[in-house]
Amino acid sequence: MPELVYPPVITAAKTMFRVLDLRLTVEGKQHVPRTGGAVMASNHVSYLDFIFCGFGAHESRRLVRFMAKHEVFAHKISGPLMRGMKHIPVNRRAGSASYNAAVDALRRGEIVGLFPEATISRSFTVKDLKNGAARMAQEAGVPLLPVALWGTQRLWTKGRPRTLTRRHTPITILVGEPIDPAAYPDVNAMSAELKIRLSALVDRAQREYPDKPSGPDDAWWQPAHLGGTAPTLEEAAALDRPGRRTPAA
């Protein structure tokens, strides 16, 4: 079936990169297989992460089918685009159907992308992971690729105003070495290995990032353990508790 929607969306995204003069650094592109299924499991710091995670597979000429909450598919604008790009809706009240659709896509040789933290990390450090990424990779018998994104939070993240016209922002995309599911018969051990590798990649991206906060008012996007004013993991968990009011994004 021809891809009528995804290629124009990619072209639009690349045009946005050029207009904003985003300083993209992509490493590990060779880890994305040119054929066959794979799971790309990324950290999550921005509402735009799916764009940049997908760009990590561009060199291999692969289209990534992302798992996203079903509300996005119900929207009158985003819905047709998501369906046209063959992304996978996730209904938390019927999670098995979404999981099975993703495994079927992997067995057909697709690349499936997801964010195993489930929500954006306000602390900008890797939260506890759901084990769905490891489970899917094991069941489909495909590699699991950790992906670290950094810099995307400066464009649009939870609890901060959108700055989608911000120019010259460095964006880092690191694709890690694949995790072979055959080496991890226990899904929890595989998920733990994913967190170790993902955390290491994110830490490297943060420490090697070419920009630093310009002052106290600009330190919000830097994690606390690196001297920034982002909330700690514990503070972020308190902000994310049901019923807690947060600033509008």
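Preceding this section is the structure that the text describes.
Residues numbered from 1 in each chain as written. Predicted model: local features only at pLDDT ≥ 70, side-chain atom pairs only at ≥ 80, totals over all residues. Heavy atoms only, no water.

Asks: What is the right way to read the environment of Thr119 from this model?
Replies: As for its position among the elements, Thr119 is in the loop between strand S5 (111-114) and helix H6 (132-140). Separated by 72 residues in the primary sequence, Thr119 and Tyr47 place their C-alpha atoms 9.7 Å from one another. Excluding anything up to four places from it in sequence, Thr119 contacts His44, Lys127 and Lys158. (Helix = DSSP H or I, 4+ residues; strand = E, 2+ residues; numbered from the N terminus. Contact = heavy atoms within 4.5 Å.)

Asks: I keep staring at the side chain of Asp49 and nothing clicks. Help me out?
Replies: Relative to the helices and strands, Asp49 resides in helix H2 (residues 49-55). Among buried Asp, Glu, Lys and Arg side chains, Asp49 stands out as unpaired, with Lys158 the closest opposite charge at 11 Å. Engagement of the side chain of Asp49 in a polar contact is seen with the backbone nitrogen of Ser46, the distance being 2.9 Å. If near-sequence neighbours (up to four positions away) are discounted, Asp49 is found in contact with Asn43, His44, Phe115, Leu149 and Thr152. (Buried < 20%, exposed > 50% of the residue type's maximum accessible area, 1.4 Å probe, protein only. Lys, Arg positive; Asp, Glu negative; His and termini not counted. Salt bridge = Lys/Arg side-chain N within 4 Å of Asp/Glu carboxyl O. Polar contact = N/O pair within 3.5 Å; in protein donor to acceptor, adjacent residues only side chain to side chain.)

Asks: Sorry, what's going on with helix H1 (residues 6-20) here?
Replies: Working note: α-helix, 3.6 residues per turn, so residues spaced by three or four point in the same direction. Between the first and last C-alpha of H1 there are 21 Å, a value that for 15 residues agrees with the 21 Å anticipated at 1.5 Å per step. Along H1, the residues that are buried comprise Tyr6, Ala13, Phe17 and Leu20. In an axial view of H1, the angular spread of the buried residues amounts to 85 degrees, which keeps them on one side of the axis. Relative to its buried face, H1 has exposed residues pointing more than 90 degrees away, namely Arg18 and Val19. Against the buried residues of H1 lie strand S1 (23-27), H2 and strand S3 (64-69). Count one or two residues on from H1 and you reach Asp21, which has phi positive near 50 degrees. (Expected span 1.5 Å × (residues − 1). Arc of directions from axis to C-beta.)

Asks: How do you make sense of the pairing of S5 when you look at a structure like this?
Replies: Two faces, one strand: in a regular strand the side chains alternate between the faces of the sheet. Of the two faces of S5, the one lined by Ile111 and Gly113 and the one lined by Val112 and Leu114 are each fully buried. Relative to S5, S3 is paired through three bridges, and the arrangement is parallel. By the bridge assignment, Val64 is partnered in S5 with Ile111. (Pairing = 2+ DSSP bridges.)

Asks: I keep staring at unusual backbone geometry and nothing clicks. Help me out?
Replies: The general pattern is negative phi for most residues beyond glycine and trans for most peptide bonds. Positive phi, normally seen in glycine, also occurs at Arg61, with a value near 60 degrees. As for its position among the elements, Arg61 is in the loop between H2 and S3.

Asks: What is the right way to look at the layout of surface pockets in this model?
Replies: To find leftover empty space, a probe the size of one water molecule is rolled over the atoms. Of the pockets and cavities examined, the second largest pocket occupies roughly 150 Å³. Surrounding the second largest pocket, 12 residues form its lining, Arg122, Lys158, Gly159, Arg160 and Pro231 being those nearest its centre. Partitioned by chemical class, the residues of the lining of the second largest pocket number six nonpolar, three polar and three charged. (1 Å grid on protein atoms, 1.4 Å probe; cavity = no way out; pocket = protein on both sides within 12 Å on 5 of 7 lines; lining within 4 Å. Points joined across faces, edges and corners; volume = space filled by probe spheres on them. Nonpolar A, V, L, I, M, F, W, Y, C, P; charged D, E, K, R; others polar.)

Asks: I'm lost on the packing of H6 against helix H7 (residues 187-207) in this one. Help?
Replies: The relative placement of two packed helices comes down to the angle between their axes together with the axis-to-axis distance. With their axes 8 Å apart at the nearest point, H6 and H7 run at an angle of 120 degrees to one another. Judged by the angle between their axes, H6 and H7 are oblique. When you trace H6 past H7, the crossing you get is right-handed. Contacts from Ala133, Ala134, Arg135, Ala137 and Gln138 of H6 reach H7 at Val187, Met190, Ser191 and Leu194. (Axes fitted to C-alpha atoms, helices over the stretch in contact; angles between N-to-C directions. Parallel < 35°, antiparallel > 145°, perpendicular 65-115°, else oblique. Left-handed = near helix turned anticlockwise from the far one by under 90°.)

Asks: Could you clarify how one ought to interpret the environment of Lys127 in this entry?
Replies: By the element assignment, Lys127 lies in the loop between S5 and H6. Considering only alpha carbons, one finds Lys127 and His44, 83 residues apart in sequence, at a separation of 9.2 Å. Side-chain polar atoms of Lys127 contact the side chain of Thr119, separated by 2.6 Å.

Asks: Explain H7 to me, please; I cannot follow it from the model alone.
Replies: An ideal rise of 1.5 Å per residue puts 30 Å on 21 residues; H7 measures up with 30 Å between its terminal C-alpha atoms. Among the residues of H7, Val187, Met190, Ser191, Leu194, Leu198, Leu201, Val202, Ala205 and Gln206 are the ones counted as buried. Taken end-on, H7 shows its buried residues confined to a sector of 130 degrees, consistent with a single buried face. Contact partners of the buried residues in H7: strand S2 (38-42), H6, strand S6 (144-150) and strand S7 (170-175). Where H7 begins, the capping side chain belongs to Asp186, and its oxygen is found 3.2 Å from the backbone nitrogen of Asn188.

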